[in-house]
Amino acid sequence: MKIVVCVKEVPDMESKFKIIGDSKIDESQIAFKMNDFDQYAVEAALQLKEKFGGEVMIVSAGPERVAKEVRQAFAMGADWGIQVQDPEVDAGDSFVVASALFGAIKTIGDVDLVLTGVQAEDDQAAVTGVMIADMMGVPHCTNVVKLDVDGKNMKVNRELEGGKNEVIEMAMPAVLSIQSGMNQPRYPTLPGIMKAKKKRLDVKKAAEVGCTAVGAAGSKTSFVKMFFPVSDHKAEIIQGDPKAAAATLVNKLKNEAKVL
Amino acid sequence: MARILVIAEHRNGALSEGTLELCKAAKAIASAAGAQPAAALLSKDGSLAAELAKYVPEVFTVSDGNLENYTADAYTQAVKAVVDAQDVKGVVIAHSYDGVDFAAKVAMALGCGIVSNCNKIEAQGGNITFTRNTYNGKIQEQKTVKTDKFVATFEKGAFDKEEAGGAGSVTAVSASISASRTKVKEVVETMAGSVDISQATIIVSGGRGTKDKDKYNDVIVNLAKKLGGEYAASRPVVDSGWTDAARQVGQSGKTVTPKLYIAAGISGAIQHVAGMKGSQCIVAINKDPEAPIFNIATYGIVGDLFEVIPAMMEAIG
Ligand SMILES: Cc1cc2nc3c(=O)[nH]c(=O)nc-3n(C[C@H](O)[C@H](O)[C@H](O)COP(=O)(O)OP(=O)(O)OC[C@H]3O[C@@H](n4cnc5c(N)ncnc54)[C@H](O)[C@@H]3O)c2cc1C
Ligand SMILES: Nc1ncnc2c1ncn2[C@@H]1O[C@H](COP(=O)(O)O)[C@@H](O)[C@H]1O
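Small disclaimer: the values here were computed from a predicted structure and weren't measured.

### Observations regarding the overall build of chain A
Line of reasoning, step 1. Secondary structure summary: chain A contains eight helices and 15 strands in total.
Line of reasoning, step 2. Once the C-alpha set of chain A is aligned to its principal axes, its extents read approximately 65 × 45 × 40 Å.
Line of reasoning, step 3. The buried share among the 260 residues of chain A stands at 55%.
Line of reasoning, step 4. Sequence-distant contacts in chain A: of pairs separated by 6 or more residues, those separated by 24 or more amount to 70%.
Line of reasoning, step 5. Averaging the positions of the 32 positive and the 36 negative side-chain charges in chain A gives two centres separated by 4 Å.

### Details of the sheet that holds strand S8 (residues 113-117) of chain A
Line of reasoning, step 1. With mixed pairing, the 10 strands of this open sheet are ordered in space as S13(A)-S7(A)-S6(A)-S1(A)-S8(A)-S12(A)-S9(A)-S10(A)-S11(A)-S12(B). Two strands close off the open sheet at either side, each with one partner strand: strand S13 (201-204) of chain A together with strand S12 (183-189) of chain B. In this sheet, adjacent strand axes meet at a mean angle of 30° when their direction is disregarded.
Line of reasoning, step 2. Note: strand S11 (residues 164-171) of chain A against S12 of chain B, six bridges, orientation antiparallel. Looking at S12 of chain B, one finds that Val-167 of chain A is bridged to Glu-186 of chain B.
Line of reasoning, step 3. Strands in contact with helix H1 (residues 36-52) of chain A are strand S1 (2-6), strand S6 (55-61), S8, strand S9 (140-150) and strand S12 (174-178) of chain A; relative to S8 of chain A, the strand with the most contacts, it is inclined by about 150°.
Line of reasoning, step 4. Packed on one face of the sheet, helix H5 (residues 128-136) of chain A meets S1, S8, S9 and S12 of chain A and runs near 175° to S12 of chain A.

### Looking at the interface of chain B and chain A
Line of reasoning, step 1. At the junction of the two partners, chain B supplies 81 residues and chain A supplies 84 residues.
Line of reasoning, step 2. Taken together, both faces of the contact between chain B and chain A bury some 7100 Å²; the carbon and sulfur share is 55%.
Line of reasoning, step 3. Where chain B meets chain A, there are 10 salt bridges.
Line of reasoning, step 4. With a shortest N-O distance of 2.6 Å, Asp-98 of chain B and Arg-158 of chain A are connected by a salt bridge.
Line of reasoning, step 5. Across the contact surface, chain B and chain A share 49 residue pairs in polar contact (both at pLDDT 80 or more).

### Some words on the side chain of Ser-99 of chain A
Residues and elements named next belong to chain A.
Line of reasoning, step 1. Looking at the element boundaries, Ser-99 is found in helix H4 (residues 94-108).
Line of reasoning, step 2. A relative accessible area of 9% means that Ser-99 is categorised as buried.
Line of reasoning, step 3. Other than its neighbours up to four places away in sequence, Ser-99 contacts Met-135, Cys-211 and Ala-213.

### Some details on the site of ligand 1
Line of reasoning, step 1. The local shell around ligand 1 holds 34 residues, among which Ser-234, Ser-252, Ser-267, Gln-271 and Asn-286 of chain B are the closest.
Line of reasoning, step 2. With respect to ligand 1, its neighbouring residues span chains A and B.
Line of reasoning, step 3. Asn-286 of chain B places a polar side-chain atom, nitrogen or oxygen, 2.7 Å from an oxygen atom of ligand 1.
Line of reasoning, step 4. When isolated, ligand 1 has an accessible area of 990 Å², and the protein chains bury 93% of it.
Line of reasoning, step 5. Sorting the residues of the shell around ligand 1 by element identifies helix H6 (235-239), helix H7 (270-273) and helix H8 (305-316) of chain B as the ones contributing at least two each.
Line of reasoning, step 6. Class assignment of the residues belonging to the shell around ligand 1 gives a composition of nine nonpolar, 18 polar and seven charged.

### What about helix H1 (residues 17-33) of chain B?
Residues and elements named next belong to chain B.
Line of reasoning, step 1. Between its first and last C-alpha atoms H1 spans 25 Å; for 17 residues at 1.5 Å apiece the expected length is 24 Å, and the two agree.
Line of reasoning, step 2. Those residues of H1 not exposed but buried are Gly-18, Thr-19, Leu-20, Glu-21, Leu-22, Cys-23, Ala-25, Ala-26, Ile-29 and Ala-30.
Line of reasoning, step 3. Just beyond H1, the residue with positive phi is Gly-34, at close to 65°.

### Side note on the nonpolar core
Line of reasoning, step 1. Of all hydrophobic cores here, the largest spans 64 residues; its most connected members are Val-59 and Met-131 of chain A together with Ile-7, Leu-42, Val-91, Phe-102 and Val-151 of chain B.
Line of reasoning, step 2. At nine residues, H4 of chain A tops the list of elements feeding residues into this core.
Line of reasoning, step 3. Formed by 37 residues, the second largest nonpolar core is a distinct cluster that contains Tyr-40, Val-56, Leu-147 and Ile-178 of chain A.

### Here's the deal with the site of ligand 2
Residues and elements named next belong to chain A.
Line of reasoning, step 1. In the vicinity of ligand 2, 19 residues are found, and the nearest of them are Cys-6, Asp-38, Ala-120, Ala-126 and Thr-128.
Line of reasoning, step 2. One of the side-chain N or O atoms of Asp-123 is found 2.8 Å from an oxygen atom in ligand 2.
Line of reasoning, step 3. Between an oxygen atom of ligand 2 and a main-chain N or O atom of Val-127, the distance comes to 2.9 Å.
Line of reasoning, step 4. Class assignment of the residues belonging to the shell around ligand 2 gives a composition of 10 nonpolar, six polar and three charged.

### Quick word on the state of the cysteines
Residue and element names in this part refer to chain B.
Line of reasoning, step 1. Applying the stated criterion across every chain, the model contains zero disulfides over all chains.
Line of reasoning, step 2. Note on Cys-112: no disulfide assigned, nearest cysteine sulfur contributed by Cys-118 at a separation of 13 Å.
Line of reasoning, step 3. Relative accessible area serves as the criterion here: at 4%, Cys-112 is assigned to the buried category.

### Some points on the packing of aromatic side chains
Aromatic ring pairs are reported here in terms of the distance separating the ring centres and the angle at which the planes meet.
All names here are of chain B.
Line of reasoning, step 1. One pass over the structure, following the stated rule, counts seven aromatic pairs over all chains.
Line of reasoning, step 2. Aromatic pair Tyr-70 and Tyr-75: ring centres 4.9 Å apart, planes at 70°, arrangement edge-to-face.
Line of reasoning, step 3. What makes Tyr-70 buried here is its relative accessible area of 8%.
Line of reasoning, step 4. Ring geometry for Phe-154 versus Phe-159: centroids 5.5 Å apart, planes at 85°, classification edge-to-face.
Line of reasoning, step 5. Given a relative accessible area of 4%, Phe-154 falls into the buried group.

### Some words on unusual backbone geometry
Line of reasoning, step 1. The linkage connecting Met-172 of chain A with the following residue, Pro-173 of chain A, adopts the cis geometry, with an omega of -5°.
Line of reasoning, step 2. Phi angles above zero are rare outside glycine, and Asp-22 of chain A is one such case at about 45°.
Line of reasoning, step 3. Within the secondary structure, Asp-22 of chain A is located in the loop between strand S3 (19-20) and strand S4 (24-25).
Line of reasoning, step 4. Phi is positive for Asn-136 of chain B, close to 55°, though the residue is something other than glycine.
Line of reasoning, step 5. Along the chain, Asn-136 of chain B turns up in the loop between strand S8 (127-134) and strand S9 (139-145).
Line of reasoning, step 6. When its relative accessible area of 22% is taken as the criterion, Asn-136 of chain B is described as partly exposed.

### A short note on the domain arrangement of chain A
Line of reasoning, step 1. Domains assigned within chain A are domain 1 (2-218) and domain 2 (230-260).
Line of reasoning, step 2. When each unit is reduced to the centre of its C-alpha atoms, the spacing between domain 1 of chain A and domain 2 of chain A is 42 Å.

### Structural notes on a nonpolar patch on the surface
Residue and element names in this part refer to chain A.
Line of reasoning, step 1. Taken together, the side chains of Leu-190, Ile-193 and Met-194 make up a nonpolar region of the molecular surface, amounting to roughly 300 Å² of accessible area.
Line of reasoning, step 2. Here Met-194 lies in helix H6 (residues 190-198).
Line of reasoning, step 3. We classify Met-194 as partly exposed; its relative accessible area is 45%.

### A closer look at the environment of Asn-127 of chain B
Line of reasoning, step 1. Here Asn-127 of chain B lies in strand S8.
Line of reasoning, step 2. Along the chain, Asn-127 of chain B and Ser-43 of chain B lie 84 residues apart, while their C-alpha atoms are 32 Å from each other.

Parameters at a glance
- Residues numbered from 1 in each chain as written.
- Chains lettered and ligands numbered in written order.
- Predicted model: local features only at pLDDT ≥ 70, side-chain atom pairs only at ≥ 80, totals over all residues.
- Heavy atoms only, no water.
- Helix = DSSP H or I, 4+ residues; strand = E, 2+ residues; numbered from the N terminus.
- Buried < 20%, exposed > 50% of the residue type's maximum accessible area, 1.4 Å probe, protein only.
- Contact = heavy atoms within 4.5 Å.
- Lys, Arg positive; Asp, Glu negative; His and termini not counted.
- Charge placed at Lys NZ, Arg CZ, Asp CG, Glu CD.
- Pairing = 2+ DSSP bridges.
- Axes fitted to C-alpha atoms, helices over the stretch in contact; angles between N-to-C directions.
- Buried area = accessible area lost by both parts, 1.4 Å probe.
- Salt bridge = Lys/Arg side-chain N within 4 Å of Asp/Glu carboxyl O.
- Polar contact = N/O pair within 3.5 Å; in protein donor to acceptor, adjacent residues only side chain to side chain.
- Near = heavy atom within 4 Å.
- Areas by Shrake-Rupley, 256 points an atom, 1.4 Å probe, with all protein chains shown as cover.
- Nonpolar A, V, L, I, M, F, W, Y, C, P; charged D, E, K, R; others polar.
- Expected span 1.5 Å × (residues − 1).
- Core = buried A, V, L, I, M, F, W, Y, C linked by side-chain atoms within 4.5 Å.
- Disulfide = S-S within 2.5 Å.
- Phe/Tyr/Trp six-rings, centres within 6.5 Å; stacked < 30°, edge-to-face > 60°.
- Domains from an automatic or database assignment.
- Patch = residues over 30% accessible without salt bridge, like charges linked within 9 Å, V, L, I, M, F, W, Y side chains within 5 Å.

In C-alpha cells form, the structure reads like this:
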C-alpha cells in the first residue's frame, strides 16, 4: 500500500503571538511544531503499513525549517518525503497549497491513500484534504475516527456532532482527514531519530511538481488583515498570588455569583 | 437578482439549528451585496421545503433517491445544479461535520474561492469581507474572495437564528444525481457511558494543561468531589485516555449548562466552548493571559492550576 501523509508545521499555540503591521505574525517569538492532527494521520499510516506492507511518504509545503517536522515523521517510521519549498506557495491560499501538495502526490504516482489532519491549528480551514481529493478525482471522507481496510475496500467511521459516528463504505484510492483520538501517536525512538537523518527528502519548487497556481495570482481568496479579537465580554480577572486569588474567587462564587 | 444560497442541513426529518443561523447570515450578506437570500433543500423528496420556506423568500429543491443520506458527492452535484440553473452569487454552508465534508468540494466544482469557519461579515462597497478565527481563536483574520462567486462556511452560533415568518416560494430544480462513491451504512452512538454530565449543576473540567492522568485525577477529580459536582474534560484529555469519552464537553462531546463550570488548563477553542458557553457562571484558570477562554469566562485567574486549585480546596475548607 502506498500512503501519503500531508504534514504541516504550525506555531505552538502557547507561544506569545505578536502581529506585525496587522498582516503577519512575528515568527521570531514562535516555537514551531507538527500540527497535532497530522500526528494522528502519520500514526494511522504507519499502522496500515505494519499490517499491509508498503510505503509511507510525507509531503509538506513550507519554508526550509519545516524539514524538522518531516524528519519527525521519518523518525516515527515514515519512509521518505517531498518538501515543496517555495515562497510563492507559502504566499498563496489553501487552494494554492492544495495544488502544490497535489502536484507532489502526483509525482509519487499510484498512491492508494492520502491522509491529512482534520484541520491545521493555525489557519483552521479544514479544506485542504477535500481539495486534494477533488484534484485527484477520488472520493474523500473527513473527520475519520476509525478505519478498517479489506483489500481496496474500506469501512470508515466519520465523526458527527454529539458523540455519533457515521459508518461509510468506500474504496481506494481516496483521501481521508484524520481526527484526533483515532490512535495514540508513537514517540520517535532514538534509533528512529538516527535513521531519520538519512532518509530521502526531496526539496522541490512548485514548478518542479507541476503546480502553476502560485502566489496571490493563483489564489482564489485574498487576505485582508489580522488582529487580536476584541471581546465585548472579558472575565473579571482576580488578582493576587495563587492563595489570595483562590480565596477571593471562592468568596465571590459563594457570595456574589451564589453558585456555591 | 443574484442570490445568497443557504444549503439547508437536515437529519432525521428536521432542519438543524445551524440552518436557521445560516438563513440569518445569508440575509446579512444579501443586504450588503445587493442580493437576495435563498435556500436549497437537497433531499430524497423535498418534504422539508415548506418548513424551510418560513425562513427565506425562495427555496430551491433538488429531490433524488441518491440524496437520501448526506454524501459529499451527491450534495456537490446538487448544489452545482442549483447554481447552474439560478443566478447565485454565494453559497453559505454550516461549518459542521457535514458542512466541512462538502463545502470545499462545492468551491472546487464552482471554481470559486472558499472562506471557511467564518463568524462575521462586513461589506465595503458591495465587497464582502469575512472574519474568521485562526491560531486556536487567539487571532482573527479577514479575507475576501477574488472570484465572482464564493463559498463560505459559518461557525455555529455566529449568527442568531432567523425567525420563522414568511412563506417563501418553492421551486424544484431538476437534476440527475449519480450515486455517491461513499456509501452510508449506519449511524452509531460512540459516547454512551455510565455518567450523564449534562445534568450536573457543578462541573470541574480539565484540559491538556492538567499534564497527565494522575495530575488530572489529583486536581480535577478531587475538586469536583469536594464541590459535590461532576468532573469533565476537553477533547485532548479524552484522546489521551485520562478520562472517559462520556465526560468530554464540546462540539463532539456533551453540551452542558451547569450553574458553575470551572475550566482549568483549557484554552477555550471554539469546539470546546460550543459545549459549555451556556453555563451560568464560568471560571477560567489558565497560565496564559491571552487564552480565549477568558473571553467567555465570568471570573478568571491567570496562574498555574497546580497552585490555584489546591489553594481553592483550602479556601473551600
Ligand atoms: C471537528 C472538531 C471537533 C472537536 N471537538 C471538541 C470537543 O468536543 N471538545 C473539546 O474540548 N475539543 C474539541 N476539539 C478540539 C479543539 O479544537 C481543541 O484542540 C481542544 O479543545 C483543546 O483542548 P485544551 O484546551 O485542553 O488544550 P490546549 O488548547 O492545548 O490548551 C491547554 C491550555 O492549558 C494551559 N495550561 C498549560 N499548563 C497550565 C498550568 N500549569 N496551569 C494553568 N494553565 C495551563 C495553556 O495555557 C493552554 O491554554 C475539536 C476539534 C475539531 C477539529
Ligand atoms: N502547508 C502544508 N503542508 C502539508 N500539509 C498541509 C499543509 N497545509 C495543510 N495541510 C494538510 O491539510 C490538513 C488540513 O489543513 P487546513 O485545510 O489548512 O486546515 C492539515 O492537517 C495537513 O494535513
